Amino acid sequence: DNDAVEDCHTEPYSGQIDWQALCAALKKIGYSGTFSFEADEFPRKYPPFLALESLTFLHQIGRKLIAEYL
């Protein structure tokens, strides 16, 4: 996701992208390519001892987006 100000790469649902609309559009056009998102800034917000939890949360978000698309 992005804040529409800086080129921040953070977790979906935290910025300006309408993920529900994006997934609906991908479904509508029959997109069958790779689905990925860049969220490398998200885990950096937290101390290292929360690395597993922050990455697990990103994984859960990704699974939710895939479920919206499929």
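Residues numbered from 1 in each chain as written. Predicted model: local features only at pLDDT ≥ 70, side-chain atom pairs only at ≥ 80, totals over all residues. Heavy atoms only, no water.

Caption draft 1: Quick look at the side chain of Glu11. Topologically, Glu11 is positioned in the segment before α1 (19-29). Within polar-contact distance, the side chain of Glu11 engages the side chain of Thr10 at 2.3 Å. (Helix = DSSP H or I, 4+ residues; strand = E, 2+ residues; numbered from the N terminus. Polar contact = N/O pair within 3.5 Å; in protein donor to acceptor, adjacent residues only side chain to side chain.)

Caption draft 2: Spatial organisation of the packing of α1 against helix α3 (residues 51-69). Orientation of α1 relative to α3, taken along the N-to-C sense of each, is 45 degrees, at an axis distance of 8 Å. Here α1 is positioned oblique relative to α3, judged by the angle of their axes. The two elements α1 and α3 cross, and the hand of that crossing is right-handed. On α3, the residues touching Trp19, Gln20, Cys23, Leu26 and Lys27 of α1 are Leu65, Glu68 and Tyr69. When grouped by side-chain class, the residues that make up the contact of α1 with α3 number five nonpolar, one polar and two charged. (Axes fitted to C-alpha atoms, helices over the stretch in contact; angles between N-to-C directions. Parallel < 35°, antiparallel > 145°, perpendicular 65-115°, else oblique. Left-handed = near helix turned anticlockwise from the far one by under 90°. Contact = heavy atoms within 4.5 Å. Nonpolar A, V, L, I, M, F, W, Y, C, P; charged D, E, K, R; others polar.)

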